[in-house]
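Survey of secondary and tertiary structure
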Amino acid sequence: MVPQARLAALILAACAAGHAQAPARPGSWEALEAAGARLAAIRIEIHPVFDLSDPHQDNWIGHLANAVHVDTRESVIRHALTIHAGEAVDARRIHEVERNLRAFRFVKDAEITPEVEPDGTLTAVVNVRDAWTLKMCVGYSRVGGRHSWGFGLQDQNLLGSGKELAFRREVGPDRTSN
């Protein structure tokens, strides 16, 4: 393990040297990997569906939706991570974890950023923005004097668990189905 006092110097040297394909940005995962850094901790931050710091989203709909929405549980995100505290930084794996998190239907966006703590330890900050997952459908029709109707409810992140639950009832002249 690289002593924490030398970590900053190694990062700067790795950034100055760059990689064969492209130079690494200072503080990028690639520069940290080249410096031999290790993850001391992983912090997960889950953000609600609407970003109320954005003036376009800071309205009554955003406030109501965030109040109704159940945020994804930290344990669901942590279970999906293939990086762990104590491991050496592997930039390729970190970018792959970001892509895998974005593939979930209940995740709108995901980004993992490095954060060097005041004591020199490296923390991977996993930022996840939830997506709206509750869907409802209602239908009614009348053909030839016969009525048909239906109602459905689906949640792709039931109570923040990452599990899907759907219910649908349809009533028509020939059949009723649930």
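Since the structure is predicted, the reported quantities are computational estimates derived from the model, not experimental observations.

Definitions and cut-offs
- Residues numbered from 1 in each chain as written.
- Predicted model: local features only at pLDDT ≥ 70, side-chain atom pairs only at ≥ 80, totals over all residues.
- Heavy atoms only, no water.
- Helix = DSSP H or I, 4+ residues; strand = E, 2+ residues; numbered from the N terminus.
- Buried < 20%, exposed > 50% of the residue type's maximum accessible area, 1.4 Å probe, protein only.
- Contact = heavy atoms within 4.5 Å.
- Pairing = 2+ DSSP bridges.
- Polar contact = N/O pair within 3.5 Å; in protein donor to acceptor, adjacent residues only side chain to side chain.
- Patch = residues over 30% accessible without salt bridge, like charges linked within 9 Å, V, L, I, M, F, W, Y side chains within 5 Å.
- Areas by Shrake-Rupley, 256 points an atom, 1.4 Å probe, with all protein chains shown as cover.
- Salt bridge = Lys/Arg side-chain N within 4 Å of Asp/Glu carboxyl O.
- Core = buried A, V, L, I, M, F, W, Y, C linked by side-chain atoms within 4.5 Å.

Helix and strand counts for the protein chain come out as five helices and seven strands. For the protein chain, the sequential pattern of α-helices and β-strands runs α-α-β-α-α-α-β-β-β-β-β-β. Per-residue burial for the protein chain yields a buried fraction of 30% across its 178 residues. Taking the contacts inside the protein chain whose residues are at least 6 apart along the sequence as the reference set, 51% of them involve residues at least 24 apart.

Quick look at the sheet that holds strand β6 (residues 165-171) now. Reading across the sheet, the four strands line up as β4-β5-β6-β7 and stay open at both edges, with antiparallel pairing between neighbours. At either margin of the open sheet sits one strand with a lone partner, and together these are β4 (134-143) and β7 (176-177). By the bridge criterion, ten bridges tie β4 to strand β5 (residues 146-155) in an arrangement that is antiparallel. Looking at the pairing, Ser-141 lines up with Ser-148 of β5.

Attention shifts here to the pairing of β6. Looking at chain direction, β5 and β6 are connected through seven bridges and run antiparallel. The residue bridging Phe-151 from the neighbouring strand is Arg-169, located in β6. What sits between the antiparallel neighbours β6 and β7 is a turn of four residues.

Here we take up the side chain of Gln-156. Its location among the elements puts Gln-156 in the loop between β5 and β6. At 3.5 Å, the side chain of Gln-156 and the side chain of Lys-135 are in polar contact. Ignoring sequence-local partners within four residues, the contact set of Gln-156 consists of Arg-105, Phe-106, Thr-133, Lys-135, Gly-162, Lys-163 and Glu-164.

Turning to a nonpolar patch on the surface, a few remarks are in order. Residues Trp-60, Ile-61, Leu-64, Val-68, Trp-132, Leu-134, Met-136, Val-138, Leu-153 and Phe-167 make up a contiguous nonpolar surface patch of about 1100 Å² in total accessible area. Every element with two or more residues in the nonpolar patch is listed here: α3 (60-68) and β4. Here the nonpolar patch takes four residues from α3, the largest share from any one element.

Here the focus is the nonpolar core. Ranked by size, the top nonpolar core spans 23 residues in total, and within it Trp-29, Val-89, Leu-101, Ile-112 and Val-126 carry the most contacts. Elements with a contribution of two residues or more to this core: α2 (29-34), β1 (39-47), α4 (74-80), α5 (91-102), β2 (107-116) and β3 (122-130). Beyond its immediate stretch of four places on either side in the chain, Leu-101 contacts Ile-77, Ala-80, Leu-81, Val-107, Ala-110, Val-126 and Val-128.

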